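One-letter residues, chain by chain:
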Amino acid sequence: MRYYDGSEFLGLRQWRERERRVEDQERFYISPLHRFVRHPWYSLGLVIIWTRDMDGVFLISSLMITGYFMLGSRLEERKLLVYHGTRYRLYRERVPALVPLPWRYLTAAQAEALMRDDCP
């Protein structure tokens, strides 16, 4: 949680500061979890919903929530590509979206290099 600005996520900071811009107001930052998966909260949510006991209703709910996470992550990534351009595109090429893969991740040094201001 310490790597997220909860008040920005909820819109409270923007409301408090009377901020009306829609562009990303945070710099490009890769937390330790983001080195392995681009959407760690969605990934954790998928683990939680798909590792529970299932009945018909919960199965339908799990499918709907999974679809919401997949659609939401795609929409969010479209926005991040506009805000961060080549830097996010490079990050996206190297790190999987929702399911961590042992052969696709960033080392700490690679994450630092992507976050530096001199990165394209």
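As the structure is a prediction and not an experimental result, all values here were calculated from the model.

Caption draft 1: Region of interest: the nonpolar core. Grouped together as the largest cluster of nonpolar side chains are 11 residues: Phe-28, Ile-30, Leu-80, Tyr-88, Leu-90, Tyr-91, Val-95, Leu-106, Ala-111, Leu-114 and Met-115. Among the secondary structure elements, those contributing two or more residues to this core are α5 (86-94) and α6 (108-115). Residues within four places of Tyr-88 in sequence aside, it is in contact with Phe-28, Arg-38, His-39, Glu-77, Leu-80 and Leu-81.

Caption draft 2: Highlighting the layout of surface pockets. Its volume calculated, the second largest pocket comes out at about 200 Å³. If you tally residues by element for the lining of the second largest pocket, the top one is helix α4 (residues 56-84), at 5 residues. In the lining of the second largest pocket, the residues fall into 3 nonpolar, 1 polar and 5 charged.

Caption draft 3: Broad picture of helix α3 (residues 40-50). Of all the positions in α3, only Pro-40, Ser-43, Gly-45, Leu-46 and Ile-49 are classed as buried. Structurally, α3 contributes buried residues whose contacts are with α4.

Caption draft 4: α5, seen in detail. Of all the residues in α5, the buried ones are Arg-87, Tyr-88, Leu-90 and Tyr-91. Projected onto a plane normal to the axis of α5, the buried residues spread over an arc of 160° and lie on a single side. Those residues of α5 that are buried are in contact with α4 and α6.

Definitions and limits used
- Residues numbered from 1 in each chain as written.
- Predicted model: local features only at pLDDT ≥ 70, side-chain atom pairs only at ≥ 80, totals over all residues.
- Heavy atoms only, no water.
- Core = buried A, V, L, I, M, F, W, Y, C linked by side-chain atoms within 4.5 Å.
- Buried < 20%, exposed > 50% of the residue type's maximum accessible area, 1.4 Å probe, protein only.
- Helix = DSSP H or I, 4+ residues; strand = E, 2+ residues; numbered from the N terminus.
- Contact = heavy atoms within 4.5 Å.
- 1 Å grid on protein atoms, 1.4 Å probe; cavity = no way out; pocket = protein on both sides within 12 Å on 5 of 7 lines; lining within 4 Å.
- Points joined across faces, edges and corners; volume = space filled by probe spheres on them.
- Nonpolar A, V, L, I, M, F, W, Y, C, P; charged D, E, K, R; others polar.
- Arc of directions from axis to C-beta.

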